[in-house]
Amino acid sequence: MTADGNNQLISVQPNGLKFVFELEKPSFCDLKVVNNTEQHVAFKVKTTSPKKYFVRPNTGVVQPWDSSVIRVTLQAQREYPPDMQCKDKFLLQSTVVPANTDVDDLPADTFNKESGREIQECKLKVLYVTPSSRGNSEDEGFKSYPEQGADSNSTVQHLKEERDAAVRQTLQLQQELDFLKRRRQRRNGSGFPLIYVVVVGLIGILAGFLLNISLSSSALPPEAPFVDLSTTPFPPAEPSSPSGDSSTAFPPPASTSVGSSTEET
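Residues numbered from 1 in each chain as written. Predicted model: local features only at pLDDT ≥ 70, side-chain atom pairs only at ≥ 80, totals over all residues. Heavy atoms only, no water.

A. Fine view of a nonpolar patch on the surface. Together, Leu 206, Phe 209, Leu 210 and Ile 213 make up a nonpolar patch on the protein surface, roughly 410 Å² of accessible area in all. Of note, Leu 210 is situated in helix H2 (residues 191–218). (Patch = residues over 30% accessible without salt bridge, like charges linked within 9 Å, V, L, I, M, F, W, Y side chains within 5 Å. Areas by Shrake-Rupley, 256 points an atom, 1.4 Å probe, with all protein chains shown as cover. Salt bridge = Lys/Arg side-chain N within 4 Å of Asp/Glu carboxyl O. Helix = DSSP H or I, 4+ residues; strand = E, 2+ residues; numbered from the N terminus.)

In structure tokens form, the structure reads like this:
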């Protein structure tokens, strides 16, 4: 059966599901389920397109005068629906259960009308909106107060992103300005480094020249050490000079006694 007005076990806010439709992007809508009674009420969510939506929790138990939030997620779609019109529908069933009943303890036929239980049903339509027209759906009869929080959060996030982008752009401009300043300073002070390089080069050349002279003077061969002639054989005679000067030649050795006896013989 379908409940009306004040006889409802639970009330749902908003009374429809609105999704911001973008290709390749998921979207979600939150439903607030309120228990209007002093009893424990169980609920179950059904849809005509179970492959398109992800519902958590899809079954639950709401304590007396308490509430629960159901998140319905539209999975990413690869193409737009014709004229952005959606024919999908959701059905929220509710029934009274014993006190302190846990959702895992619900019988399999809890929401079966043939079980004799009083089952209340609430049908919800689905609306797709584009990002640019997400706030213009009041004429569809949907309560938009849950969406207002999402809209405000989206607006704040958008403002933060714009602020971060402006900060990054400012830092980039500051870096470019600092680079131009350093480049101009290098251009204006280019004469001093050139003179400095020339002076250092001349000093290096002069130091190298002086070092070469000092090394040349210190590279003379060392003096020969003194040697005792009594222990060293006399060196052989050097040949006469071409000029015929015999004063510089060593005298011939004296004839030995063996040689004299040979001449006499």
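B. Representation of the sheet that holds strand S5 (residues 53–56). What the four strands build is an open sheet, ordered S1-S3-S7-S5; its pairing is antiparallel. Edge strands, defined here as strands with exactly one partner in the open sheet, are strand S1 (10–13) and S5. For this sheet the average axis-to-axis angle between neighbouring strands, irrespective of direction, equals 20°. Bridge count for S5 against strand S7 (residues 67–74) is four bridges, and the pairing is antiparallel. The partner of Val 55 across the bridge, within S7, is Val 72. (Pairing = 2+ DSSP bridges. Axes fitted to C-alpha atoms, helices over the stretch in contact; angles between N-to-C directions.)

C. Inspection of the sheet that holds strand S8 (residues 89–97) at higher detail. Spatially, S2-S9-S8-S4-S6 is the arrangement adopted by the five strands of the open sheet, whose pairing is mixed. Edge positions in the sheet fall to strand S2 (16–20) and strand S6 (59–62), since each has one partner strand and no second. Strand-to-strand, the axes of this sheet are offset by a mean angle of 25°, without reference to chain direction. As paired elements, S8 and strand S9 (residues 120–129) share six bridges and run antiparallel to each other. When the bridges of S9 are listed, Ser 94 appears paired with Gln 120.

D. Local environment of the nonpolar core. Counting 25 residues, the largest nonpolar core has Leu 17, Phe 19, Tyr 53, Ile 70, Val 72, Phe 90 and Tyr 128 as the members making the most contacts within it. For this core, the secondary structure elements donating two or more residues are S1, S2, strand S3 (27–35), strand S4 (40–47), S5, S7, S8 and S9. Dropping the residues within four chain positions of it, Tyr 128 is found in contact with Phe 19, Phe 21, Lys 52, Tyr 53, Leu 74, Pro 81, Met 84, Cys 86 and Asp 88. (Core = buried A, V, L, I, M, F, W, Y, C linked by side-chain atoms within 4.5 Å. Buried < 20%, exposed > 50% of the residue type's maximum accessible area, 1.4 Å probe, protein only. Contact = heavy atoms within 4.5 Å.)

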